[in-house]
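Each chain is listed here by its residues.
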Amino acid sequence: MRIQVNGEARDVAATTLAALLRELDFEDLSVATALNQSFVRKSDRHQTRLKEGDAVEILTPRQGG
Amino acid sequence: MDSDGLTFYGVKLASRLIVGTAQYPSPAILAKAVAAAKAEIVTVSLRRESGASRAGENFWSLIRELGVRVLPNTAGCRTVKEAVTTAEMAREVFDTPWIKLEVIGEEDTLQPDVFGLVEAAAILALDGFQVFPYTTEDLVVAERLLGAGCEVLMPWGAPIGSGRGLNNAYGLKALRAHFPNVPLVVDAGIGTPSHAAAAMELGYDAVLLNTAIAKAGDPEAMARAFALAVEAGRLGYLADPIEPRDMAAPSTPVIGRPFTDLARA
């Protein structure tokens, strides 16, 4: 399945957001997720299913002003 | 003299200098600068994780070691939807209801889209966020932000990163006079310690800056300079400064001045 992850097209096997984080090796990082511009809570990632063309954002803490 | 302290959303603070964490030459210099600034709050952001670099994880552990509060921002967001989603993501990662709300309206000046700002502030406040809106010195916008549930206002001094100081000191003064009991923070545009002191002398509760310290030749020394300037400005404000006047007024006593009875050649 082809989806967008942080603005890049990726072919992934995962069918849920939680599985995607595992697949991309983000599982143990402090990340926040959004699907198609809407926030998805950590606790909701397991039941959040992905479909072709979805846009996923995976964000982590960074320097800011 | 300054025993009243500063309170943001029920949190009492001793430091009136809030610093950003971006653009430092190295993480070690960032840590030294935050310490020299005696800052209790630093601003942070959320950005896309590339994975392998673990940049986010390394940065987050550095910040946690500093033992300061974090104020996450929504920097770069251009719509209400982007800002609200970013705020929600920040609340989960940083585990704080605080959010420095930025909705940027214009590229050259990075000035706030105040219409989007008010709308986003209302949505977030209803959802339990404690919003620190990055706004202009506009009184009407300020009223709307307070009406939306904001308990702190952060008007700009000048465009972000410009280092121009207080572009509209009169407007900032009017805002202070109009809202004597709302914590007001000058956020953005500060370039030198004297700018920060000037903001504090206007009666502002705090200043927030990043570039002026991070991009200085010696960020640690500049952080200390800003800490001193903020303290001096605050103390000067509390000490009730004299009003400027147009003409000179001698400070040395006139009575007893010698030679007054002699004709001057």
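Criteria and thresholds
Residues numbered from 1 in each chain as written. Chains lettered and ligands numbered in written order. Predicted model: local features only at pLDDT ≥ 70, side-chain atom pairs only at ≥ 80, totals over all residues. Heavy atoms only, no water. Buried < 20%, exposed > 50% of the residue type's maximum accessible area, 1.4 Å probe, protein only. Helix = DSSP H or I, 4+ residues; strand = E, 2+ residues; numbered from the N terminus. Pairing = 2+ DSSP bridges. pLDDT = per-residue confidence, 0-100. Expected span 1.5 Å × (residues − 1). Salt bridge = Lys/Arg side-chain N within 4 Å of Asp/Glu carboxyl O.

Visitor: Would you mind showing me how to read the pairing of strand β6 (residues 98–101) of chain B here?
Guide: In regular strands, side chains alternate between the two faces of the sheet. All names here are of chain B. Both faces of β6 are covered, namely the face carrying Trp98 and Lys100 and the face carrying Ile99 and Leu101. When β6 meets strand β7 (residues 130–135), the two strands line up parallel, connected through 4 bridges. Across the sheet, Ile99 pairs through a bridge with Val131, a residue of β7.

Visitor: Looking at this structure, I do not really get the sheet that holds β7 of chain B. What am I missing?
Guide: Strand pairing in a sheet relies on backbone hydrogen bonds, with the paired strands running either antiparallel or parallel. Read across the sheet, 3 strands follow the order β6-β7-β8 (chain B) without closing on themselves; strand pairing throughout is parallel. Either end of the sheet is taken by a strand with one partner, and the two such strands are β6 and β8 (154–155) of chain B.

Visitor: How do you make sense of the confidence of the model for chain B when you look at a structure like this?
Guide: The predicted coordinates should not be examined in detail at positions where pLDDT is low. Averaged over every residue, the pLDDT of chain B is 94; the share at 70 or more is 97%. Quick note on the complex model: pTM equals 0.93, ipTM equals 0.95.

Visitor: Just to check I follow, could you spell out helix α3 (residues 80–94) of chain B for this structure?
Guide: Each α-helix winds once per 3.6 residues, and so residues spaced three or four apart point in a common direction. Here α3 of chain B contains 15 residues, and its C-alpha end-to-end distance of 21 Å stays within 8% of the 21 Å for a straight helix at 1.5 Å per residue. In the segment just after α3 of chain B, Asp95 of chain B is the residue with positive phi, at about 55°.

Visitor: Can you walk me through the pattern of salt bridges in this structure?
Guide: Between side chains of opposite charge, a pair can form when the charged atoms approach closely. This model, assessed by the stated rule, comprises 12 salt bridges over all chains. With a closest N to O distance of 3.0 Å, Asp11 of chain A and Arg2 of chain A form a salt bridge. For Asp11 of chain A, a relative accessible area of 54% translates into the label exposed. For Lys100 of chain B, the salt bridge identified is with Asp187 of chain B, shortest N-O distance 3.1 Å. With Lys100 of chain B in strand β6 and Asp187 of chain B in strand β9 (residues 185–187), this residue pair connects regions lying 87 residues apart in the sequence. Asp187 of chain B gets classed as buried once you look at its relative accessible area, which sits at 2%. Shared partners join several salt bridges into a network, and the residues in it are Lys100, Glu102 and Asp187 of chain B.

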